[in-house]
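Now for the letters of each chain:
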Amino acid sequence: MFSHRNNIKGYVGLGSNLGDRAGNLLLALRGMMEASLCVTRVSSIYQTEPISGIEQPPFLNMVAEIGNHLPTPEQVMARLLRIEFALGRTREVKDGPRTIDLDLLLYGELEKDTEFVRLPHPRLHERRFVLEPLAEVAPRLVHPVLKKTAAELLETANDQSLVKRWAP
């Protein structure tokens, strides 16, 4: 296996727009820790407007940095999917409302495109609801394909959807 995996940082996008949105985010973070994913940093929580054409409530979004002996990207994805399932995530409507959405955004500098894992996340650079919290947690993080920092990607994003820090 990789001997350098203990130095790799991964980034997970979290989102919820059904039920107790903030509670769902916290339960997902707890689920990540219980699944032996070492959460090293978390962003603030942001309230964001849905970007799909489907009428639905606003989201709460955040980004978590994971590290310290990460399992493989496939194992991380499997754990994230199990957490989504445990928190009642269903997938009846594409881009529809959801109790929790967990996306593996980045895994070190790894580029991967399989049926199960696409890294870096193919749309992360287009989405303000991901870039705002990512730039907060890791502003100098460089996108392995686009070679721009999270802060630069946020500055140049075309997405004009409303993203603001959430104050409960």
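Residues numbered from 1 in each chain as written. Predicted model: local features only at pLDDT ≥ 70, side-chain atom pairs only at ≥ 80, totals over all residues. Heavy atoms only, no water.

Can you walk me through the pattern of salt bridges in this structure?
Applying the stated criterion across every chain yields a total of 7 salt bridges. Ionic pairing is found between Arg30 and Glu34, a salt bridge with its closest N-O pair at 3.4 Å. Of this pair, Arg30 and Glu34 both sit in helix 1 (residues 21-34), separated by 4 residues, roughly a single helical turn. Residue Glu74 is joined to Lys112 by a salt bridge in which the shortest nitrogen-to-oxygen separation is 2.7 Å. Taken together, the residues Glu74 in helix 2 (residues 73-86) and Lys112 in strand 6 (residues 112-113) connect sequence positions 38 residues apart. When its relative accessible area of 27% is taken as the criterion, Glu74 is described as partly exposed. Given the relative accessible area of 28%, Lys112 is considered partly exposed. (Salt bridge = Lys/Arg side-chain N within 4 Å of Asp/Glu carboxyl O. Helix = DSSP H or I, 4+ residues; strand = E, 2+ residues; numbered from the N terminus. Buried < 20%, exposed > 50% of the residue type's maximum accessible area, 1.4 Å probe, protein only.)

How should I be thinking about the pairing of strand 1 (residues 10-16) in this particular structure?
Counted residue by residue, strand 1 has 7 buried out of 7 residues, so it is predominantly covered. By the alternation rule, side chains of strand 1 split into Gly10, Val12, Leu14 and Ser16 and Tyr11, Gly13 and Gly15, which are all buried. Across 7 bridges, strand 1 lies against strand 4 (residues 59-67) in antiparallel orientation. In the strand pairing of strand 4, Ser16 is matched with Leu60. Two strands pair when backbone bridges link them, and strand 1 and strand 5 (residues 101-107) are joined in this way by 6 bridges, in the antiparallel orientation. Paired with Gly10 across the two strands is Tyr107, which belongs to strand 5. (Pairing = 2+ DSSP bridges.)

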